Amino acid sequence: MKVNYDFSGRVVLVAGAGSGIGLAMTRACLEAGATVLASDLKVQALTELNHPRCEVAQLDITDSGAVNRYVQAQHSHLGRSGRIDAAVLASGIQQRIAVEAMTDADWQRHIDVNLTGIFYMVRALFPVMKQQRYGAMVVFTSGLATQGWPGATAYGASKAGLIALVKSAAMELKDYGVRINAVSPGITNTPLFTDSASPQEVAMYENSLGVSEPQEVAPMLMHLISDGAASISGNVLERRMIPKKQ
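Conventions we followed
Within every chain, residues take consecutive numbers counted from 1 along the sequence as written. Residue-level local features of this predicted model are given only where pLDDT is at least 70; pairs of side-chain atoms are given and counted only at 80 or more, and the full residue set underlies all totals for whole chains, interfaces and linings. Side-chain measures here rest on the full set of heavy atoms in the structure, leaving out hydrogens and waters. Put simply, DSSP H or I for four residues or longer makes a helix, DSSP E for two residues or longer makes a strand, and each gets a number counted from the N terminus. Only protein chains enter the calculation, and the probe is 1.4 Å; a residue is then buried if its accessible area is under 20% of its type maximum, exposed if over 50%, and partly exposed in between. Pairing between strands requires that DSSP locate at least two bridges from one strand to the other. Only buried residues count toward a nonpolar core, which is a set of Ala, Val, Leu, Ile, Met, Phe, Trp, Tyr and Cys residues joined through side-chain atoms within 4.5 Å. By the convention used here, residues are in contact when the closest approach between their heavy atoms is within 4.5 Å. The salt bridge definition used is simple: a Lys or Arg side-chain nitrogen within 4 Å of an Asp or Glu carboxyl oxygen. Given a helix with a known number of residues, its expected span is that number minus one, times 1.5 Å. Working note: the arc is built from the helix axis to C-beta atom directions. Handedness of a crossover is defined as follows: with both strands directed away from the viewer, a clockwise route from the first strand across the helix to the second makes it right-handed. When two rings of Phe, Tyr or Trp (its six-membered ring) have centres within 6.5 Å they constitute a pair, described as stacked for plane angles under 30 degrees, edge-to-face for angles over 60, and tilted for the intermediate range. Remark: a charge is flagged as sitting over a ring if the NZ atom of Lys or the CZ atom of Arg is within 6 Å of the ring centre and within 35 degrees of the ring normal.

Undergrad: Break down unusual backbone geometry for me, citing the residues and quoting the values.
TA: One non-glycine residue, Asn50, lies in the positive phi region at around 50 degrees. Within the fold, Asn50 resides in the loop between α2 (44-49) and β3 (54-58).

Right, here's the structure in full:
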């Protein structure tokens, strides 16, 4: 059996679209016929797509004013319905830093990008989606939010905060036909993972659970932002990986 998605005429906002899962979702949504509002600090990979339905913007999600202006500008864009049908909020950073070695700036940067920046995006999208009485948002948590890992204190704490954000936001949105969920995508071959994990950790995962490619995560996300997941909101969905046979 094969699943096909038709997002023709739909508008999907992807934050953190310049690499990893965000870039994979940008490609998947374009292939499904959507117009994609793709933003990131680093936009080279997006501009190289050179796709007529991919509208690229450089955006720092830790700047609340910039986020508000961006969402409002996209919502009122001439020649479109003004709808933002879905949002995939994939922006994030991860550095492995031991607690005693972590500076105030190290801690705050993780909270600013992974939690506060995502909150800014969600907050800016609230009135848009509530007014249109339709929409779906996906944010990304991590298994490290609950199981922990050496050096992942700031990252894990920021990802745990997103779970609480989703749970409460979903309750505020439920009467407006708008949904929000969190996904823990598992170990994925993205800069977020490969630039932070040690070679020994990467090898351990490769030899046990395996390391997924970003495009392997996209089908789950496509379902969550589609009408097929109309009854799913306020959930934390974990993409469990099957251990390799030894």
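Undergrad: Tell me about the pairing of strand β2 (residues 35-40), and name the residues and values.
TA: Of all six residues in β2, six are buried; the element is thus mostly enclosed. Residue alternation in β2 divides its side chains into two sets, Thr35, Leu37 and Ser39 and Val36, Ala38 and Asp40, and both sets are buried. By the bridge criterion, five bridges tie strand β1 (residues 11-15) to β2 in an arrangement that is parallel. Its bridge partner lying in β2, Val12 is registered against Val36.

Undergrad: So what's going on with the nonpolar core? Residues and values would help.
TA: Counting 34 residues, the largest nonpolar core has Leu13, Leu89, Met137 and Ile180 as its most contacted members. Residue assignment for this core shows that the elements contributing at least two residues are β1, α3 (64-75), β4 (86-89), α4 (104-132), β5 (135-140), α6 (153-173) and β6 (178-184). Here this core gets nine residues from one element, more than from any other, and that element is α4. Apart from residues no more than four positions distant in its own chain, Met137 is found in contact with Ala87, Val122, Leu125, Phe126, Met129, Leu173, Val178, Arg179, Ile180 and Asn181.

Undergrad: Give a detailed account of the environment of Ala157, specifying residues and quantitative values.
TA: By the element assignment, Ala157 lies in helix α6. A relative accessible area of 33% means that Ala157 is categorised as partly exposed. For the pair formed by Ala157 and Ala145, sequence separation is twelve residues and the distance between their alpha carbons is 6.1 Å. Setting aside anything within four residues of it in sequence, one finds Ala157 in contact with Trp107 and Ala152.

Undergrad: Hey, could you go over the pattern of salt bridges for me, with residue numbers and the actual values?
TA: Here the structure, examined in full by the defined rule, presents four salt bridges. Ionic pairing is found between Asp85 and Arg83, a salt bridge with its closest N-O pair at 3.1 Å. Owing to a relative accessible area of 5%, Asp85 belongs among the buried residues under this scheme. Judged by its relative accessible area of 26%, Arg83 falls in the partly exposed class. Here Asp175 makes a salt bridge to Lys174, at a shortest N to O gap of 3.6 Å.

Undergrad: Can you explain helix α9 (residues 214-225)? Please cite residues and give values.
TA: Taking 1.5 Å as the rise per residue, α9 with twelve residues should run 16 Å; its terminal C-alpha atoms sit 17 Å apart, in good agreement. All of the buried residues along α9 are Pro214, Val217, Ala218, Leu221, Met222, Leu224 and Ile225. Seen end-on, α9 carries its buried residues on one side only, within an arc spanning 155 degrees. Those residues of α9 that are buried lie in contact with β1, α1 (20-31), β4, β5, β6 and β7 (236-238).

Undergrad: Could you give an account of the pairing of β5, with specific residues and numbers?
TA: Along β5, six of the six residues are buried, which leaves the element largely enclosed by surrounding structure. Across the two faces of β5 the burial is the same, with Gly135, Met137 and Val139 and Ala136, Val138 and Phe140 all buried. Note that β4 and β5 share four bridges and pair parallel. Paired with Ala87 across the strands is Met137, a residue of β5. With α4 bridging β4 and its parallel neighbour β5, the resulting β-α-β unit is right-handed.

Undergrad: I'd love a proper account of the packing of aromatic side chains, names of residues and values included.
TA: Enumeration over the complete set of coordinates arrives at two aromatic pairs. Ring geometry for Tyr5 versus Phe7: centroids 5.9 Å apart, planes at 55 degrees, classification tilted. Centroid distance Phe119 to Tyr120: 6.1 Å. Interplanar angle 50 degrees. Geometry classified as tilted. Judged by relative accessible area, Phe119 falls into the partly exposed class, the value being 36%. Above the ring of Tyr176, the side-chain terminus of Lys130 is found at 4.6 Å from the ring centroid.

Nothing here speaks to function; it is geometry throughout.
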